[in-house]
Amino acid sequence: MFQSLKTPAPDAILQVMQMFRDDPRADKVDLGVGVYRDDSGNTPVMRAVKAAEAHLLKTQDTKTYTALAGDPAYHAAMAALLLGDTVADDQIAAAATTGGTGAVRLVMELIRTARPDATVWISQPTWPNHTLLAKVVGVAQKGYRYYDAAEGALDHAGMMEDLQAAKPGDVVLLHGCCHNPTGADFTAQDWSAMADFLTERDLTPFVDIAYQGFGAGVEADAAGLRLLAERVPRVLIAASAAKNFGLYRDRAGIALVVCDAKERTAVQATLAGLNRASISFPPDHGARVVTTILDDPAMKADWLEELEEMRNRIAGLRRSLANALRRETGSDRFGQLAAQQGMFSVLGGSEAQIARLREEFGVYVVGGGRLNVAGLTEESVPRVARALAKALAD
Ligand code: LMR
């Protein structure tokens, strides 16, 4: 049966994670996988999560199945977090998923089911799972330019030139905030111009939002998504609670679809049916923790406070690294670090340079030079800056 099976190439991000684990050096630094870390290098269980879990331990009296699309209370709590009050309830279809990846996959499956001739336009670069999932699900995909590496900023002209080729009914995949991997986000004007463009061309936005609260705050980070939801008739959303609730392994994700109220019943039933055909019932523990926190004012306030501490830590590390690199290189070559937001920035670098960074200096970043700023500590910043300046020198 398996004679012709070839070993697949390992995922680029998970490969870095494994190499880091296998490295015996005590002073190695993991700037690879997109996981938040505190100043001691730990990924803590958030205080509100502990409180919600303690509450559930006391009060939860069943673990029976929820529904194929998950718990409606989770849908409502996440829809409010992501969309505020921009969309009426009868225009939102939702399904709980196994993490943000499960949400991206479910939305891709929905696209394939509802509009098999649609092409999904994906930014270049993007999170590797976007292209992988489009391929595995069997949705046509094309890339659009997104980032100008020389400028360390969005490539507006390239993006709009490439998207001119999209045909009515196509889907444009956008990052809600804290773009993975580049860290270069849309401004409010960019979102507004994109909303006009999508409406004029009859294109549907598909927003992947996994870092709400890591950029400028929970409300500010959702502003672009909310603007689209107000102005574009249909919006596809894949969201994750892995990062902003620190629930990585509990796989709390959600697919939300903003649609016409008349279409909602069909979309909702299709999402439920697609879950049935892959996982039957979605996992509930992480989703229930999220709902418990969002529905309890005290827990929610504590969650927002801790999230702000995390966000401030990331912003502080960005500034420290940018300053240290300015000192090391005597230039502003890596100046984008301070201007961008969220955990990621992409610094470039050839395969050999990235390997040198890893082998000689014990600093692990993903290929192309994507680094997770949250993997730094104030103590490791000077050493990492020296390593980056040396290894990435032209
Ligand atoms: C990342 O981008 O590093 C994370 O989202 C982990 C993953 O699944 O790729």
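This report concerns the structure included in the present document. Everything numeric here is computed off the predicted structure, so don't read it as measured data. (Residues numbered from 1 in each chain as written. Predicted model: local features only at pLDDT ≥ 70, side-chain atom pairs only at ≥ 80, totals over all residues. Heavy atoms only, no water.)

## Concerning the overall build of the protein
Cut-off, in case you're wondering: Helical segments are the DSSP runs of H or I of at least four residues, strand segments are the runs of E of at least two, and each set is numbered from the N terminus. In this setup the radius of gyration rests on C-alpha atoms only. A globule is expected at 2.2 Å times the number of residues raised to 0.38. Buried means the residue's accessible area, taken with a 1.4 Å probe over protein chains only, is under 20% of the maximum for its type, while exposed means over 50%, and partly exposed covers the values in between. We call two residues in contact whenever any of their non-hydrogen atoms come within 4.5 Å of each other. For every accessible area listed, the method is Shrake-Rupley and the probe measures 1.4 Å; residues are considered covered only by the protein chains on display. Positive charges come from Lys and Arg alone, negative charges from Asp and Glu alone, with His and the N- and C-terminal ends not counted. Every charge is mapped onto a representative atom, which is NZ of Lys, CZ of Arg, CG of Asp or CD of Glu.
Each helix and strand in the protein was counted, giving 15 helices and 13 strands. By the compact-globule yardstick of 21 Å for 394 residues, the protein fits well, its C-alpha radius of gyration being 21 Å. Overall, the protein is about 60 × 55 × 55 Å in size when its C-alpha atoms are taken along their principal axes. The buried share of the protein, reckoned over its 394 residues, is 54%. Expressed as a percentage of contacts within the protein between residues at least 6 apart in sequence, the contacts between residues at least 24 apart total 76%. A total accessible area of about 17,600 Å² is found for the protein, and carbon and sulfur atoms account for 53% of it. Side-chain charges of the protein comprise 41 positive and 49 negative groups, with the mean position of each set lying 5 Å from the other.

## Looking at a nonpolar patch on the surface
Keep this limit in mind: Note on patches: the residues involved have over 30% relative accessible area and no salt bridge, like charges join within 9 Å, and the nonpolar side chains Val, Leu, Ile, Met, Phe, Trp and Tyr join within 5 Å. Note on definitions: salt bridges are taken to be side-chain nitrogens of Lys or Arg within 4 Å of carboxyl oxygens of Asp or Glu.
A contiguous nonpolar surface patch, about 450 Å² in accessible area, is contributed by M1, F2 and L5. Relative to the helices and strands, M1 is located in the segment before α1 (12-22). Among the residues examined, M1 registers a relative accessible area of 83% and is labelled exposed.

## Points about the packing of helix α2 (residues 47-59) against helix α11 (residues 285-294)
Selection rule: An axis is simply a line fitted to the C-alpha atoms; with a helix, the fit covers only the stretch in contact. Between two such axes, the angle follows the N-to-C directions and lies from 0 to 180 degrees. Under this scheme an angle from 65 to 115 degrees is roughly perpendicular, one under 35 degrees roughly parallel, and one over 145 degrees roughly antiparallel; angles in between are oblique. Residues are grouped as follows: Ala, Val, Leu, Ile, Met, Phe, Trp, Tyr, Cys and Pro are nonpolar; Asp, Glu, Lys and Arg are charged; all remaining types, including Gly, are polar.
In the contact formed by α2 and α11, the axes pass within 9 Å of each other and the chain directions differ by 105°. Between α2 and α11, the interaxial angle falls into the category roughly perpendicular. Side by side, α2 and α11 meet where A48, V49, A52, E53, H55 and L56 of the first sit next to H285, R288, V289, T292 and I293 of the second. When the residues that make up the contact of α2 with α11 are grouped by side-chain class, the tally is six nonpolar, three polar and two charged.

## Describing the site of the ligand
Formally: What makes a residue near a molecule or strand is one non-hydrogen atom of that residue sitting within 4 Å of it. The term polar contact refers here to a pair of N or O atoms within 3.5 Å; inside protein, the definition further demands a hydrogen-donor-capable atom paired with an acceptor-capable atom, and it admits residues adjacent in sequence only when both atoms are side-chain atoms.
Every residue near the ligand is listed here: I13, V33, G34, W127, N180, Y211, K243 and R370. G34 is positioned such that a nitrogen or oxygen atom in its backbone is 2.6 Å from an oxygen atom of the ligand. Here an oxygen atom of the ligand and a side-chain polar atom of K243 are 3.0 Å apart. If the ligand stood free it would expose 260 Å²; the protein chains cover 80% of that surface. Taken together, the residues of the shell around the ligand break down into four nonpolar, two polar and two charged.

## Section: the packing of aromatic side chains
One pair of aromatic rings is described through two measures. These are the centre distance and the angle between the planes. How we decide: Only the six-membered ring of Trp is used, alongside the rings of Phe and Tyr, when aromatic pairs are assigned; centres must lie within 6.5 Å, and planes under 30 degrees apart are stacked while those over 60 apart are edge-to-face, with the rest tilted. When the NZ atom of lysine or the CZ atom of arginine is within 6 Å of a ring's centre and also within 35 degrees of its normal, the charge is said to sit over that ring.
All chains considered together, the criterion is met by eight aromatic pairs. Taking 5.3 Å as the distance between ring centres and 85° as the angle between the ring planes, the aromatic pair formed by F20 and Y364 counts as edge-to-face. You can see F20 sitting in helix α1 and its partner Y364 sitting in strand β12 (residues 363-364), a full 344 residues away along the chain. Just as F20 is buried, Y364 falls in that class too. Taken together, a centroid distance of 6.2 Å and an interplanar angle of 20° make the contact between Y146 and F186 stacked. Residue Y146 is located in the loop between β4 (140-145) and β5 (147-148), and its partner F186 is located in the loop between β7 (171-175) and α7 (188-201); the two are separated by 40 residues in the primary sequence. Classification of F186 by relative accessible area gives buried; the value is 11%. Over the aromatic face of F20 sits the side chain of K28, whose NZ or CZ is 4.4 Å from the ring centroid.

These results come straight from atomic positions and should not be treated as a statement about function.
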